[in-house]
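Observations on the model geometry
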Amino acid sequence: HLRDLINKVLDMSKIESGNVGLSEDAFCLKELVEEVSLIVKPDMDSKGQELSIRLKDIDHHAVYGDAVRVKQILINLLSNAVKYTSDRGHIAVSLEEKLSSESGVGCFEFVVEDDGIGMAPEFINRIFRPFEQESIETTKRYGGTGLGMAITDHIVRLMGGEIVVESEPGKGSDFSVYLHLPEAEAPEQTAKVK
C-alpha cells in the first residue's frame with residue numbers, strides 16, 4: 001500500500017511539473033483492452049464479479065499513441081470499479097469508434113461501467129482533485145489515496161482527450177474517456193517518439 005501511495009505521489013508530481021512525455025508507438029486497441037481485462041481479472045474473480053467486454057464499430061484496430069498511458073487510464077478506472085462494486089456485481093468495459101472530423105485520426109470512446117455504490121452529484125464535481133475522497137466512511141471501508149482519478153484525468157488531458165462521469169448513489173458509475181488517436185497501418189510499424 002505504501003509503495004502504491006509513493007508511486008502515485010511521484011506520478012502526480014511528474015504530471016504537475018510537466019515532466020511526463022508521451023510516446024507514440026503503434027499498438028492494437030483490441031489487444032490492449034483484452035490485456036487490461038486480464039490484469040484486473042484476479043481481483044474480480046476474488047469478489048465473484050462478472051466482466052463483459054464490448055467492441056463496437058472498430059474500423060481501425062491499429063493506432064499510434066502511448067499504449068502504457070492508455071492502459072494506465074483503463075486500469076485505474078477498472079480498479080475503482082472493482083473496489084466500489086460489491087461481490088458478484090457486474091462491470092463492463094466497452095470500446096467504440098466514433099465519427100472523426102479529422103482524416104487519418106480515429107475518435108475512440110472507452111467506457112467503464114459498474115453497478116457499484118455510485119457517487120453523490122456533489123462529489124462528481126470534486127473527483128478529479130488530488131487527495132479527494134467522498135467521505136471518511138468511504139475511505140475507511142474501501143481505502144485508497146484519492147490520487148488515482150486525479151492522475152487519470154491529467155493523463156487523459158495530456159493526451160488531448162476528455163473524461164466524462166455519470167453516477168448515481170446505489171446504482172453505479174459510468175466513466176467515458178474520449179481519445180483521438182492517429183490510425184496506423186499495422187502495430188509492427190516503427191515506433192515514433194514525440
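Residues numbered from 1 in each chain as written. Predicted model: local features only at pLDDT ≥ 70, side-chain atom pairs only at ≥ 80, totals over all residues. Heavy atoms only, no water.

Along the polypeptide, L51 turns up in strand β2 (residues 50-56). The exposure class assigned to L51 is partly exposed, which follows from its relative accessible area of 26%. Spatially, the C-alpha atom of L51 lies 7.6 Å from that of V93, the residues being 42 residues apart in sequence. What L51 contacts, discounting residues up to four positions off in sequence, is S37, M44, L78, I91, A92 and V93. (Helix = DSSP H or I, 4+ residues; strand = E, 2+ residues; numbered from the N terminus. Buried < 20%, exposed > 50% of the residue type's maximum accessible area, 1.4 Å probe, protein only. Contact = heavy atoms within 4.5 Å.)

This brings us to the sheet that holds strand β6 (residues 162-168). Judged by pairing direction, the sheet is mixed, and its 5 strands sit side by side in the order β2-β4-β5-β7-β6 without closing on themselves. Two strands close off the open sheet at either side, each with one partner strand: β2 and β6. If you compare each strand with its neighbour and ignore which way they point, the axes differ by 15° on average. Where β6 meets strand β7 (residues 172-182), 7 bridges bridge the pair, whose relative direction is antiparallel. Paired with E166 across the strands is D174, a residue of β7. Across the face of the sheet, helix α2 (residues 29-46) comes into contact with β2, β4 (90-98), β5 (105-114) and β7 while running at roughly 175° to β2. Contacts between helix α6 (residues 148-158) and the sheet are confined to β6 and β7, with β6 contributing the most and set at about 145° to the helix. (Pairing = 2+ DSSP bridges. Axes fitted to C-alpha atoms, helices over the stretch in contact; angles between N-to-C directions.)

Remember that the coordinates give geometry; whether it matters functionally is a separate question.
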